[in-house]
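If you want the building blocks of each chain, they are given just below.
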Amino acid sequence: MLDSVPPLAALVTAGSVLLLTAVGVVLVVGYLLGCRIWPYANCPRCNGTGKSGAPGRKAFRNCPRCKGTGRRTRIGRRLLDRTSNR
Ligand SMILES: [Zn+2]
């Protein structure tokens, strides 16, 4: 039964796997490069304002998630920091 698979099809499958891997590597490298240049993203809790406001009032306190900085370190950047601190 296994002999019925033509070798060409196996080659094409291997080729597409290789291509997908290459595309994946390019995407990951591009993402890590982006994290190197732009290490921060807006804090998801406060949308980058750094404030956690009382509803309907002007009063606010520092966002507890980002401690008022309004930013969070991207996962890729944390990965880069960990690998470079070895
Ligand atoms: Zn925040």
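Structure shown above.
So, here's what we can say about the structure. (Residues numbered from 1 in each chain as written. Predicted model: local features only at pLDDT ≥ 70, side-chain atom pairs only at ≥ 80, totals over all residues. Heavy atoms only, no water.)

Describing the side chain of Arg74
Summarising the element assignment, Arg74 is placed in the loop between β4 (71-73) and α2 (75-84). Buried charge without a salt bridge: Arg74, with Asp81 as the nearest opposite-charge side chain at an N-O distance of 12 Å. Within polar-contact distance, the side chain of Arg74 engages the backbone oxygen of Gly34 at 3.5 Å. (Helix = DSSP H or I, 4+ residues; strand = E, 2+ residues; numbered from the N terminus. Buried < 20%, exposed > 50% of the residue type's maximum accessible area, 1.4 Å probe, protein only. Lys, Arg positive; Asp, Glu negative; His and termini not counted. Salt bridge = Lys/Arg side-chain N within 4 Å of Asp/Glu carboxyl O. Polar contact = N/O pair within 3.5 Å; in protein donor to acceptor, adjacent residues only side chain to side chain.)

Regarding the packing of helix α1 (residues 7-37) against α2
Following both chains from N to C, one finds α1 and α2 inclined at 85 degrees, their axes separated by 8 Å at the closest point. Between α1 and α2, the angle is such that the two are roughly perpendicular. When α1 is examined against α2, the residues Tyr31, Leu32, Cys35 and Arg36 are found in contact with a partner set consisting of Ile75, Gly76, Arg77, Leu79 and Leu80. Partitioned by chemical class, the residues of the contact of α1 with α2 number six nonpolar, one polar and two charged. (Axes fitted to C-alpha atoms, helices over the stretch in contact; angles between N-to-C directions. Parallel < 35°, antiparallel > 145°, perpendicular 65-115°, else oblique. Contact = heavy atoms within 4.5 Å. Nonpolar A, V, L, I, M, F, W, Y, C, P; charged D, E, K, R; others polar.)

Some details on the environment of Val26
Residue placement: Val26 occurs in helix α1. The exposure class of Val26 is exposed, given its relative accessible area of 58%. Along the chain, Val26 and Gly56 lie 30 residues apart, while their C-alpha atoms are 46 Å from each other.

Considerations on the coordination of the zinc ion
Taken together, Cys43 (SG), Cys46 (SG), Cys63 (SG) and Cys66 (SG) make up the protein donors of the zinc ion, found 2.3 Å from the metal. Each of the four donor atoms bound to the zinc ion contributes to angles spanning 101 to 118 degrees, and the resulting shape is tetrahedral. Along the chain, the residues donating to the zinc ion are arranged with the sequence spacing C-x2-C-x16-C-x2-C. One end of the pair, Cys46, is in the loop between β1 (40-42) and β2 (51-53); the other, Cys66, is in the loop between β3 (60-62) and β4, with 20 residues separating them in the sequence. Each member of the pair, Cys46 as well as Cys66, is classed as buried. (Donors = N, O, S within 2.8 Å, 3.2 Å for Na, K, Ca; no water. Tetrahedral: all angles 85-135°; square planar, octahedral: opposite > 155°, others 65-115°.)

Let's talk about a nonpolar patch on the surface
On the surface, Leu8, Leu11 and Val12 cluster together into a nonpolar patch covering about 330 Å² of accessible area. With respect to the helices and strands, Leu8 occurs in helix α1. Assessed through its relative accessible area of 61%, Leu8 is described here as exposed. (Patch = residues over 30% accessible without salt bridge, like charges linked within 9 Å, V, L, I, M, F, W, Y side chains within 5 Å. Areas by Shrake-Rupley, 256 points an atom, 1.4 Å probe, with all protein chains shown as cover.)

A word on unusual backbone geometry
Most peptide bonds take the trans form, and the phi angle of most residues other than glycine is negative. One non-glycine residue with positive phi stands out, namely Asn47, at about 60 degrees. In this structure, Asn47 sits in the loop between β1 and β2. Residue Asn47 is classed as exposed on the basis of its relative accessible area of 59%. Even without a glycine there, the phi angle at Lys67 is positive, about 55 degrees. Of note, Lys67 is situated in the loop between β3 and β4.

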